[in-house]
Amino acid sequence: METVSYTSQWTAAARALESERSDALFVDPLARALAEPKGFELLDHYGGGGLVEFVAVRTRYLDDAIGDAVQKGIRQVVLIAAGMDTRAYRLSLPDDVRVYEVDHQALIDEKEKRLAQLGSPAPTVNLQRVGADLAGDWSAALRATDFDPAQPTLWIPEALLFFLTEEQSATLMRTFAANSVPGSQVAVDILSKALLRSPATQIFLSSLNEDGIPWLFGTDEPEEFMAGTGWTVRELKEPGEPGAGEGRWPYAVQPREVKGAARNWLLRAELA
Amino acid sequence: MPSTTSSNLDTVRNWLLAKHPERTSIAADEDLIKARLVDSLSFVEFVLTVEEASGVEIDHETIDLEDFRTLEAIERKYF
Ligand SMILES: C[S@@+](CC[C@H](N)C(=O)[O-])C[C@H]1O[C@@H](n2cnc3c(N)ncnc32)[C@H](O)[C@@H]1O
């Protein structure tokens with residue numbers, strides 16, 4: 001498996017911890033098994049920094065985005081860099097929803113092997129997996145399935161953009177747009193550039209760098225970034241705000257005008 | 001050292017302790033970042049706390065992390 005793919009075991013480990021809390025924002029019963037073998041070790045190694053809390057808040061935020069989109073009639077959900085995501089199993093979605101998980105083929109093979117060891121639980125929706133390199137031309141592989149670009153789609157590239165450059169992130173968003181009709185949406189997390197620049201982040205960033213999984217892209221102007229790729233931001237939140245883990249975030253939410261504050265953006269956008 | 005100085009530095013120490021209930025003390029030379037007492041998401045709030053306690057205005061854009069690594073370093077630079 002590619003080195004970057006092990007980070008999906010790391011986020012699965014964070015989801016396992018959240019699932020076991022009495023005030024859990026969601027319950028992912030498969031997370032603990034899918035975090036094997038490296039997830040908890042990575043969590044420990046990179047530890048702290050609000051990562052576990054952020055994964056929990058982000059997961060719930062994007063769960064809610066899916067719920068809303070489906071309520072509005074969207075029936076195609078594409079999980080880009082799906083990793084060990086189990087939304088196709090744990091969200092009670094109408095059974096005419098089609099979920100597509102796109103990730104490296106080696107990751108998909110590993111995930112399917114682990115799911116088979118768990119007795120091959122059945123997804124509650126129509127689920128298809130697409131092995132592809134997201135830094136390349138992956139959309140042809142998606143279109144080779146029954147994915148229909150003429151139907152509205154919800155695109156969710158969760159916990160991915162920081163592993164891409166700004167240019168690759170923009171290309172990804174434009175590729176979504178090129179395969180979308182009006183009414184389609186993107187729901188995504190984006191780092192702030194301030195987080196990447198903060199002196200307090202540098203030890204963490206250099207250890208990611210040494211491990212071959214550098215964090216690259218962040219922006220302090222998420223609305224502008226999205227607009228430049230064909231998407232209009234309809235909702236922009238930070239963890240700790242209402243609808244984004246309010247009461248469960250251990251940090252103060254800094255007003256937008258506080259310059260240099262490290263932030264994580266959670267947003268929903270619509271085709272412009 | 002005037003007593004106001006150390007009590008102001010205590011404001012900073014107490015802020016850290018309040019955020020980390022598992023801790024009862026922080027040594028003057030303990031690396032706050034390595035010990036994960038301060039991280040990127042709490043850093044701005046931490047700097048504001050030092051600013052308020054010391055009365056020294058801090059330019060967030062030109063911060064040198066070394067001045068914030070330990071309570072000792074903070075005292076040297078800002079108190
Ligand atoms: C941090 S994990 C996130 C997984 C999942 N979305 C989650 O939130 O738990 C990053 C994922 O991105 C995938 N990934 C990174 N770069 C990729 C690329 N160029 N092509 C395909 N997948 C990629 C990795 O395989 C990994 O599963």
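Before reading further, recall that the structure is shown in the block above.
Below is a short write-up of the structure. (Residues numbered from 1 in each chain as written. Chains lettered and ligands numbered in written order. Predicted model: local features only at pLDDT ≥ 70, side-chain atom pairs only at ≥ 80, totals over all residues. Heavy atoms only, no water.)

Residue and element names in this part refer to chain A. A sheet is described by the order of its strands in space; here 7 strands give the open sequence β3-β2-β1-β4-β5-β7-β6, paired in mixed fashion. Each edge of the open sheet carries a strand with a single partner, namely β3 (126–131) and β6 (231–237). Taken pair by pair, the neighbouring strands of this sheet meet at an average axis angle of 20 degrees, ignoring direction. Here 4 bridges tie strand β1 (residues 76–80) to strand β4 (residues 153–156), and the two strands are oriented parallel to one another. (Pairing = 2+ DSSP bridges. Helix = DSSP H or I, 4+ residues; strand = E, 2+ residues; numbered from the N terminus. Axes fitted to C-alpha atoms, helices over the stretch in contact; angles between N-to-C directions.)

With that settled, the discussion passes to the nonpolar core. Residue and element names in this part refer to chain A. One finds W10, I66, V99, L154, F204, L208 and W215 to be the most contacted residues of the largest nonpolar core, which totals 59 residues. It is helix α4 (residues 51–71) that provides the largest number of residues to this core, a total of 11 residues. Once you skip the residues sitting within four places of it in the chain, V99 turns out to touch V77, L79, A88, V125, N126, L127 and Q128. Residues A81, F176, V233 and W265 belong to the second largest nonpolar core, which totals 32 residues. (Core = buried A, V, L, I, M, F, W, Y, C linked by side-chain atoms within 4.5 Å. Buried < 20%, exposed > 50% of the residue type's maximum accessible area, 1.4 Å probe, protein only. Contact = heavy atoms within 4.5 Å.)

Residue and element names in this part refer to chain A. All chains considered together, the criterion is met by 17 aromatic pairs over all chains. Considering the side-chain rings of W155 and F176, the 4.7 Å spacing of their centres and the 10 degrees angle between planes classify their relative orientation as stacked. Taken together, the residues W155 in strand β4 and F176 in helix α8 (residues 166–178) connect sequence positions 21 residues apart. Of note, K38 hangs over the ring of Y6, and the distance from its end group to the ring centre comes to 5.5 Å. (Phe/Tyr/Trp six-rings, centres within 6.5 Å; stacked < 30°, edge-to-face > 60°. Lys NZ or Arg CZ within 6 Å of the ring centre and 35° of its normal.)

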